[in-house]
Amino acid sequence: MDEFATALLTALGLVFVIEGLAYALFPEGAQRLAALAQSIPPSSLRRGGLIAAVTGAGLVWLVRG
């Protein structure tokens, strides 16, 4: 497996670990957050998601660069 595939699968695995821990440790908080997300306009969710994705990509670029 090449380096990119290894890095991608590692990152995906870490996402699962972090998401799983959040749901396992704070299930009520996750439910409240999901309910809150339904009241937020889709455009705001999209903007926040894009900001998070760009920030994450920038962080990866800084660390791996």
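That block above? That's the structure.
First things first, this report covers the structure right here in the doc. (Residues numbered from 1 in each chain as written. Predicted model: local features only at pLDDT ≥ 70, side-chain atom pairs only at ≥ 80, totals over all residues. Heavy atoms only, no water.)

### A look at the overall build of the protein
From N to C terminus, the protein includes 3 helices and 0 strands. In the protein, the succession of helices and strands from N to C terminus is α-α-α. Along the first, second and third principal axes, the C-alpha set of the protein runs to 40 × 30 × 20 Å. Classification of the 65 residues of the protein by burial places 2% in the buried group. A total of about 5800 Å² of accessible surface is found on the protein, and carbon and sulfur atoms cover 73% of it. Each charge sign in the protein was given a centre, from 4 positive and 4 negative side chains, and these centres are 15 Å apart. (Helix = DSSP H or I, 4+ residues; strand = E, 2+ residues; numbered from the N terminus. Buried < 20%, exposed > 50% of the residue type's maximum accessible area, 1.4 Å probe, protein only. Areas by Shrake-Rupley, 256 points an atom, 1.4 Å probe, with all protein chains shown as cover. Lys, Arg positive; Asp, Glu negative; His and termini not counted. Charge placed at Lys NZ, Arg CZ, Asp CG, Glu CD.)

### Side note on a nonpolar patch on the surface
Taken together, Leu14, Val17, Ile18, Leu21, Leu25 and Phe26 make up a surface patch of nonpolar side chains, about 640 Å² in accessible area. Along the polypeptide, leucine 21 turns up in helix α1 (residues 3-25). (Patch = residues over 30% accessible without salt bridge, like charges linked within 9 Å, V, L, I, M, F, W, Y side chains within 5 Å. Salt bridge = Lys/Arg side-chain N within 4 Å of Asp/Glu carboxyl O.)

### Description of the layout of surface pockets
Put simply, the largest pocket is a space of about 160 Å³. Residue lining of the largest pocket: Ala7, Thr10, Ala11, Leu14, Leu59, Val60, Val63 and Arg64, and that is the complete set. Counting residues per element, the ones that place at least two in the lining of the largest pocket are α1 and α3 (42-64). Classifying every residue of the lining of the largest pocket gives 6 nonpolar, 1 polar and 1 charged. (1 Å grid on protein atoms, 1.4 Å probe; cavity = no way out; pocket = protein on both sides within 12 Å on 5 of 7 lines; lining within 4 Å. Points joined across faces, edges and corners; volume = space filled by probe spheres on them. Nonpolar A, V, L, I, M, F, W, Y, C, P; charged D, E, K, R; others polar.)

### Observations regarding the pattern of salt bridges
All chains considered together, the criterion is met by 1 salt bridge. Put simply, glutamate 3 and arginine 64 hold a salt bridge, and the shortest N to O gap is 3.2 Å. Placement of glutamate 3 in helix α1 and of arginine 64 in helix α3 is noted, with a sequence separation of 61 residues between them. Side by side, glutamate 3 and arginine 64 carry an identical accessibility label, which is exposed.

### Description of the environment of methionine 1
With respect to the helices and strands, methionine 1 occurs in the segment before α1. On the accessibility criterion, methionine 1 (77% relative accessible area) is exposed. Residues within four places of methionine 1 in sequence aside, it is in contact with Thr6 and Leu9. (Contact = heavy atoms within 4.5 Å.)

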